[in-house]
Amino acid sequence: MELWEARAPPPFWAEGPAPGQSYCPGGVGTASALRPLTRTLTPMVTGTSVLGVKFNGGVIVAADTMGSYGSLARFRGISRLLKVNDSTMLGASGDYADFQYLKQVIDQMVIDEELLGDGHSYSPKAIHSWLTRVMYNRRSKINPLWNAVVIGGFYNGQSFLGYVDMLGVAYEAPTVATGYGAYLAQPLMREVLEKKPSLTQEEAQDLIERCMRILYYRDARSFNRYEIAIATEKGVEVQGPLTLEANWDIAHLV
Amino acid sequence: EWTQEPVSTGTTIMAVEFDGGVVIGADSRTTTGSYVANRVTDKLTQVHDRIFCCRSGSAADTQAVADAVAYQLAFHSVELEEPPRVRTAARLFQQSCYRYREELSAGVIVAGWDPRRGGQVYVVPLGGLLLRQPFAVGGSGSSYLYGFLDSAFRPGMDQEQCFCFVGQ
């Protein structure tokens, strides 16, 4: 009797599944076992909310100075704000290692641009647009930069405030917030801006301080020291760390 | 079950900088599950003449990365014709730990002395970020230390004091 040589049907595409086989993209298989898996599937050291608000003549971005390791307040003196150039700044929440990577890439981009020596520098809108593409393309390869970034700046007489996150969701608004800030601080900021669409720098700083204090009360992963970056026509200035005083007067009512 | 468990250093490691150098310390236990595979482990690995790393996490991962970094540093220092900077060593660790962050389980403290910046301590935890700190602790045993350290550490201690501090 003839021995029928059973030949397995060929895979649908190279490195792909054959009929009836299960398919793991990115290879937990023999063929692609040699490529490193470079995905951030779990954020490790994370930063919490970042807030941003526009005022008359500029933008403020604020973030506390803490990196949490799960629920452990592990690094309490790190900066989550980055001054890109004299017109742009950004603050990141989420995985701090991915933020450091982003910082390296952006710093190198800024250096390369300065080397061109043509007098142009990246506008906040340009950085926002570029970052959106980067984040979206990373997520499309199931290898996201696990961050939510707030980009603020003042360029050509106009304030800019934008948001990009690890899914590539991006938008611009007069107030932005990431993480818990989106739930706790955003409504407060919007309320103030509705009553008075054009704030002074002082008012904006007070608003930020108020919001950061509420986040410190209510966000279990926050910290009472924070930095702010202010972009105006004079440039970008990072101030801090500022300390929040908590008010426990209401405690006696309980 | 113990054959499935990676060999891990269930560890306490720490490093403190002072003017003129660093003091580093570690426990000496390696476990597979709950069995103590090695009770005299040396978790303080030298990667160059005056640069050490304190290893925590998977023993295999940290040994592999430390070997690679030691090689890179030796090469680099020959090219440079001078001792490498501690920051360079830390950066090399970070590059491996960040790139392979999903495969590695490695928390490392890089500590050493170089002529440029004196004693320095850099921490490269899980996830692969790089941070310089006046002192650092790591490993699963480090959780118990945070409270003590926050109260007992003072900046500007000298070598003797650092030694006692780490010993405590």
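Residues numbered from 1 in each chain as written. Chains lettered and ligands numbered in written order. Predicted model: local features only at pLDDT ≥ 70, side-chain atom pairs only at ≥ 80, totals over all residues. Heavy atoms only, no water.

Going by the annotation in an unreviewed UniProt entry, the name recorded for chain B is proteasome endopeptidase complex, with Rhinopomastus cyanomelas given as the source organism. Looking at chain B in UniProt, the text filed under Catalytic activity (unreviewed entry) is "Cleavage of peptide bonds with very broad specificity." (UniProt positions renumbered as here; feature names shortened; annotations may be inferred.)

As recorded in an unreviewed UniProt entry, chain A goes by the name Proteasome subunit beta type-4, listed as coming from Rhinopomastus cyanomelas. Check the Subcellular location (unreviewed entry) section of the UniProt entry for chain A; it says "Nucleus".

The next subject is the overall build of chain A. What chain A contains, in helices and strands, is 4 helices and 13 strands. Classification of the 254 residues of chain A by burial places 44% in the buried group. Nonlocal contacts in chain A, meaning residues at least 24 apart in sequence, comprise 59% of its contacts between residues at least 6 apart. Of the roughly 14,100 Å² of accessible surface on chain A, a fraction of 54% belongs to carbon and sulfur atoms. (Helix = DSSP H or I, 4+ residues; strand = E, 2+ residues; numbered from the N terminus. Buried < 20%, exposed > 50% of the residue type's maximum accessible area, 1.4 Å probe, protein only. Contact = heavy atoms within 4.5 Å. Areas by Shrake-Rupley, 256 points an atom, 1.4 Å probe, with all protein chains shown as cover.)

Across its 14 residues, helix H2 (residues 86-99) of chain B extends 20 Å between first and last C-alpha, which sits within 8% of the 20 Å expected from 1.5 Å per residue. Those residues of H2(B) that fall on the buried side of the exposure criterion are B:Val86, B:Ala89, B:Ala90, B:Leu92, B:Phe93, B:Gln94, B:Cys97 and B:Tyr98. (Expected span 1.5 Å × (residues − 1).)

All names here are of chain A. Look at helix H3 (residues 180-195) against helix H4 (residues 201-218): their axes get within 10 Å of each other, and the N-to-C directions meet at 150°. Between H3 and H4, the crossing angle belongs to the class labelled roughly antiparallel. The way H3 lies across H4 gives a crossing that is right-handed. Where H3 approaches H4, its residues Tyr180, Gly181, Leu184, Ala185, Leu188, Met189, Val192 and Leu193 are matched on the opposing element by Leu207, Arg210, Cys211, Ile214, Leu215 and Arg218. The class makeup of the residues in the contact of H3 with H4 is 11 nonpolar, 1 polar and 2 charged. (Axes fitted to C-alpha atoms, helices over the stretch in contact; angles between N-to-C directions. Parallel < 35°, antiparallel > 145°, perpendicular 65-115°, else oblique. Left-handed = near helix turned anticlockwise from the far one by under 90°. Nonpolar A, V, L, I, M, F, W, Y, C, P; charged D, E, K, R; others polar.)

Another aspect to go through is the pairing of strand S6 (residues 81-85) of chain A. Residues and elements named next belong to chain A. Across the 5 residues of S6, 4 count as buried, placing the element largely inside the fold. Direction of pairing for S6 relative to strand S7 (residues 88-95): antiparallel, over a ladder of 4 bridges. Of the residues in S7, the one forming a bridge with Asn85 is Thr88. Here S6 folds back onto S7, and the loop between the two strands holds 2 residues. (Pairing = 2+ DSSP bridges.)

Moving on to the interface of chain A and chain B. Contacts between chain A and chain B engage 24 residues on the former and 21 residues on the latter. If you sort the residues of chain A by the area they bury against chain B, A:Arg74, A:Phe75 and A:Gln100 come out on top, with a joint share of 27%. At the surface where chain A touches chain B, the tally comes to 3 salt bridges. Notably, a salt bridge pairs B:Arg101 with A:Asp95, separated by 2.8 Å at the nearest N-O pair. Connecting chain A to chain B are 8 residue pairs in polar contact (both at pLDDT 80 or more). Going through the elements one at a time, strand S5 (72-75) and helix H1 (96-116) of chain A are the ones with two or more residues in the side of chain A that touches chain B. Ranked by residues supplied to the side of chain A that touches chain B, first place goes to H1(A) with 6 residues. Along the lines of polarity and charge, the residues of the side of chain A that touches chain B split into 14 nonpolar, 5 polar and 5 charged. (Buried area = accessible area lost by both parts, 1.4 Å probe. Salt bridge = Lys/Arg side-chain N within 4 Å of Asp/Glu carboxyl O. Polar contact = N/O pair within 3.5 Å; in protein donor to acceptor, adjacent residues only side chain to side chain.)

In this section: the sheet that holds strand S13 (residues 235-243) of chain A. All names here are of chain A. Taken in spatial order, the 5 strands line up as S11-S2-S3-S12-S13 in an open sheet, and their pairing is antiparallel. Unpaired on one side and paired on the other, strand S11 (175-177) and S13 mark the two borders of the sheet. Neighbouring strand axes in the sheet, compared pairwise and without regard to direction, differ in orientation by 15° on average. Alignment of strand S2 (residues 50-55) against S11, held across 3 bridges, turns out to be antiparallel.

Residue and element names in this part refer to chain B. Taking the UniProt record as the reference, the feature "active site" (unreviewed entry) is found at Thr11. Within the secondary structure, Thr11 is located in the loop between strand S1 (8-9) and strand S2 (13-18). The contacts of Thr11, once residues within four sequence positions are left out, are Asp27, Lys43, Arg55, Ser56, Gly138, Gly139, Ser140, Gly141 and Ser142.

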